[in-house]
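# Results of the structural survey
Chain by chain, the residues run as shown.
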Amino acid sequence: MKKINKCEYGYFANQTKIEIRKSIILFIIPVCIFLLGVFIAMIRNPELSFWDARRNLLTLAAVLGLLPAARQITNTVMFVKYNKKHLSSEKYEAISKIELKIPVKYDLYMTTYDYTYQILSLTVASDTIVGYTEDAGFNEEKFDTHIKSMMAQNGLNCSTIKIFNDFDKYKQRLKAFADNEVENNEKELKILRLMENLSL
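Nothing here was measured: the structure is a model prediction, and the numbers come from that model.

## Regarding the sheet that holds strand β1 (residues 105-111)
Spatial strand order, β1-β2-β3-β4: four strands in an open sheet with mixed pairing. Two strands lie at the open edges of the sheet, namely β1 and β4 (160-164), each paired on one side alone. In this sheet, adjacent strand axes meet at a mean angle of 35 degrees when their direction is disregarded. On top of the sheet, helix α5 (residues 140-153) reaches β1, β2 (116-125), β3 (128-132) and β4; it is set at about 140 degrees to β4, its chief contact.

Below, the structure written as structure tokens:
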């Protein structure tokens, strides 16, 4: 299977499958340890019932093994929940045809205590964060405040944050970057990496 890096197109769908596999494996291991402990106890003492045979050290190990499995299932639930909302292949193709000199990231999900910001495509150029969302309830003002706070904590800043919910307008902005042969400076690349790090 081809590796797809975080915030590349197709990453979320691919990573969802990986997270599901991890969850299954992490739950199978403690179950096998538990059954092995019961099996060994019943061999050593055939008079024990299944219920009594479960009282052994391997059962304790199995219970402790469920802790990382429970943590993993939380990750899996997050990926499964948001995997349904990703950029369509048609829109990805439309963006790919634009001859940009700047990188574009895809399917970013930034979570806070109160809200999850769904951004299907995003780039940074000309001291501006530009993105596209299909979330009808997207609160650009709160997102602006959150991102500027995150940038300030990392010694970064930008003059403008603009998240479009109209794909044609977003595409026009990207075309303007391409027509002007806009390239990233070091600060903008750091902001883009921060956006990746903030995403699921």
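Still more ground to cover, so stick around.
## Notes on the pairing of β3
Judged by how many residues are buried, β3 sits mostly within the fold: five of five residues are covered. In this structure, β2 lies alongside β3, joined through five bridges in antiparallel fashion. Note on β3: the bridge partner recorded for Thr-123 is Val-130. Between the antiparallel neighbours β2 and β3 lie two residues, among them Ser-126 with a positive phi of about 50 degrees. As judged from the five bridges shared by β3 and β4, these two strands associate in the parallel manner. Of the residues in β4, the one forming a bridge with Tyr-132 is Phe-164. At this point the chain moves from β3, through α5, to the parallel β4, and the crossover so formed is right-handed.

## Observations regarding the side chain of Asp-107
Relative to the elements of secondary structure, Asp-107 occurs in strand β1. Buried and unpaired, Asp-107 has Lys-91 as its nearest opposite-charge partner, separated by 11 Å. Of note is the side chain of Asp-107, whose polar atom sits 3.2 Å from the backbone nitrogen of Leu-87. For Asp-107, the contacting residues outside a window of four places in its chain are Phe-12, His-86, Leu-87, Ile-119, Leu-120 and Ser-199.

## Section: the environment of Thr-116
With respect to the secondary-structure elements, Thr-116 resides in strand β2. C-alpha separation for the pair Thr-116 and Phe-143, spaced 27 residues apart in sequence, amounts to 9.5 Å. In this structure Thr-116 touches Tyr-82, Tyr-109, Met-110, Thr-111 and Asp-135, once residues within four positions along its chain are discounted.

## Let's talk about the packing of aromatic side chains
The geometry of an aromatic ring pair comes down to the distance between the two centres and the angle between the two planes. What the rule picks out here adds up to 12 aromatic pairs. Each ring, one from Phe-12 and one from Tyr-109, has its centre 4.7 Å from the other, and the planes form 45 degrees; the classification is tilted. Of the two residues, Phe-12 is situated in helix α1 (residues 11-44) and Tyr-109 in strand β1; the sequence distance between them amounts to 97 residues. The residues Phe-12 and Tyr-109 share a single accessibility class, namely buried. Ring geometry for Tyr-92 against Tyr-106: centres 5.2 Å apart, planes inclined by 75 degrees, an arrangement best described as edge-to-face. A residue pair is termed long-range when its members are at least 10 positions apart, and Tyr-92 in helix α4 (residues 89-96) and Tyr-106 in strand β1 qualify at 14 residues. When its relative accessible area of 23% is taken as the criterion, Tyr-92 is described as partly exposed.

Reading the values: rules and limits
- Residues numbered from 1 in each chain as written.
- Predicted model: local features only at pLDDT ≥ 70, side-chain atom pairs only at ≥ 80, totals over all residues.
- Heavy atoms only, no water.
- Pairing = 2+ DSSP bridges.
- Helix = DSSP H or I, 4+ residues; strand = E, 2+ residues; numbered from the N terminus.
- Axes fitted to C-alpha atoms, helices over the stretch in contact; angles between N-to-C directions.
- Contact = heavy atoms within 4.5 Å.
- Buried < 20%, exposed > 50% of the residue type's maximum accessible area, 1.4 Å probe, protein only.
- Right-handed = clockwise from strand over helix to strand, strands pointing away.
- Lys, Arg positive; Asp, Glu negative; His and termini not counted.
- Salt bridge = Lys/Arg side-chain N within 4 Å of Asp/Glu carboxyl O.
- Polar contact = N/O pair within 3.5 Å; in protein donor to acceptor, adjacent residues only side chain to side chain.
- Phe/Tyr/Trp six-rings, centres within 6.5 Å; stacked < 30°, edge-to-face > 60°.

None of the figures reported here should be taken as evidence of function without further support.
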